[in-house]
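Summary of structural features
Here is what each chain is made of, one letter per residue.
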Amino acid sequence: MGIPENTEEVRRKISEALKKSGRNEKAVTLVGVSKTKPVELIKEAVECGITVLGENRVQEIMEKYEHIDGVSWHLIGHLQKNKVKYIVDKVELIHSVDSVELAREIDKQAKKIGKIQEILIQVNISGEESKSGIEPCEAESVCRQIAEFENVRVKGFMTMAPRLAGEDELREIFGGLRLLMQKIKEKNIENVELCELSMGMSGDYETAIMEGATIVRVGTGIFGLR
Ligand SMILES: *Cc1c(COP(=O)(O)O)cnc(C)c1O
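Brief notes about a negative patch on the surface
- Together, Glu167, Asp168, Glu169 and Glu172 line one region of the surface with negative charge.
- In this fold, Glu172 is placed in helix 7 (residues 167-185).

Below is the structure:
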């Protein structure tokens, strides 16, 4: 199948999962994960209505940025502090903030260009050692510390599930992130606006939506295998 058919199928499945869980038709943002894919293919996806592109490397955003119009870019992969300066002027949302120090650098660079950078905090809900992200028990403290930065706004949380997780485990992980966010939201921390849950990839986005995802990150499901 080509990109148009793939995109349509992903949209249909998103819409079905939303219906099944009684959620609003427009409650989910689809991020097309275009990492490793060439500009020509990405343009094809944009023609199919993809308006948000996700990349996991700073270098790739820098290379592709000028060649694709009419989209917003999300950084979804690990970000090193020394690379923040290259992308703050390019990305709408950074999904992968995993330390206060990284947020401090984002604040500094965003200030320079007069921007308030929206971010998500990546949480390692599954406890898998290979996954990055903060521990769930640190989430409130990290939110409170990042809240002090004027040019950074926490919009919500992001997580990744283990590749081979079964349905029950997925539910537990995604539901766990939703509950964690709810709990911290109730503390009404100033400058922290917890409304986005970035969870779900090609293999598990329907389950993530059933558990409240507001952003899904789909690569293979749209662009085919990498
Ligand atoms: C690559 C990647 C995705 C997309 O993965 P697929 O399985 O191809 O949909 C989503 N999120 C992150 C953080 C990624 O690195």
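Next, the rest of the story.
Observations concerning the side chain of Lys90
- Note on placement: Lys90 falls in the loop between helix 4 (84-87) and strand 4 (91-97).
- We classify Lys90 as buried; its relative accessible area is 18%.
- Polar side-chain contacts of Lys90 include one of 3.0 Å to the backbone oxygen of Tyr86.
- Setting aside anything within four residues of it in sequence, one finds Lys90 in contact with Ile61, Tyr65 and Trp73.

Considering helix 1 (residues 3-20)
- Here helix 1 contains 18 residues, and its C-alpha end-to-end distance of 25 Å stays within 8% of the 26 Å for a straight helix at 1.5 Å per residue.
- Those residues of helix 1 not exposed but buried are Ile3, Asn6, Thr7, Val10, Ile14, Ser15, Ala17 and Leu18. Take helix 1 and look down its axis: the buried residues cluster within an arc of 165 degrees, on one side only. Exposed and oriented more than 90 degrees from the buried face of helix 1 are Glu8, Lys19 and Lys20.
- As for helix 1, its buried residues are in contact with strand 1 (29-33), helix 2 (39-47), helix 8 (205-210), strand 8 (215-218) and helix 9 (220-223).
- With its phi angle positive at about 70 degrees, Gly22 sits one or two positions after the end of helix 1.

Points about the pairing of strand 6 (residues 152-158)
- For strand 6, the tally of buried residues reaches six of seven residues, placing the bulk of the element in the interior.
- As paired elements, strand 5 (residues 117-122) and strand 6 share six bridges and run parallel to each other. Counted as the bridge partner of Gln117 is Val152 from strand 6.
- Taken together, strand 5, helix 6 (residues 139-146) and strand 6 constitute a β-α-β crossover, and its handedness is right-handed.
- The parallel pair strand 6 and strand 7 (residues 192-198) is bridged by helix 7, and the resulting crossover is right-handed.

Describing the pairing of strand 1
- Of all five residues in strand 1, four are buried; the element is thus mostly enclosed.
- Each parallel crossover has a hand, and the one from strand 1 via helix 2 to strand 2 (residues 52-55) is right-handed.

Each value, and the rule that gives it
Residues numbered from 1 in each chain as written. Predicted model: local features only at pLDDT ≥ 70, side-chain atom pairs only at ≥ 80, totals over all residues. Heavy atoms only, no water. Patch = residues over 30% accessible without salt bridge, like charges linked within 9 Å, V, L, I, M, F, W, Y side chains within 5 Å. Areas by Shrake-Rupley, 256 points an atom, 1.4 Å probe, with all protein chains shown as cover. Salt bridge = Lys/Arg side-chain N within 4 Å of Asp/Glu carboxyl O. Lys, Arg positive; Asp, Glu negative; His and termini not counted. Charge placed at Lys NZ, Arg CZ, Asp CG, Glu CD. Helix = DSSP H or I, 4+ residues; strand = E, 2+ residues; numbered from the N terminus. Buried < 20%, exposed > 50% of the residue type's maximum accessible area, 1.4 Å probe, protein only. Polar contact = N/O pair within 3.5 Å; in protein donor to acceptor, adjacent residues only side chain to side chain. Contact = heavy atoms within 4.5 Å. Expected span 1.5 Å × (residues − 1). Arc of directions from axis to C-beta. Pairing = 2+ DSSP bridges. Right-handed = clockwise from strand over helix to strand, strands pointing away.

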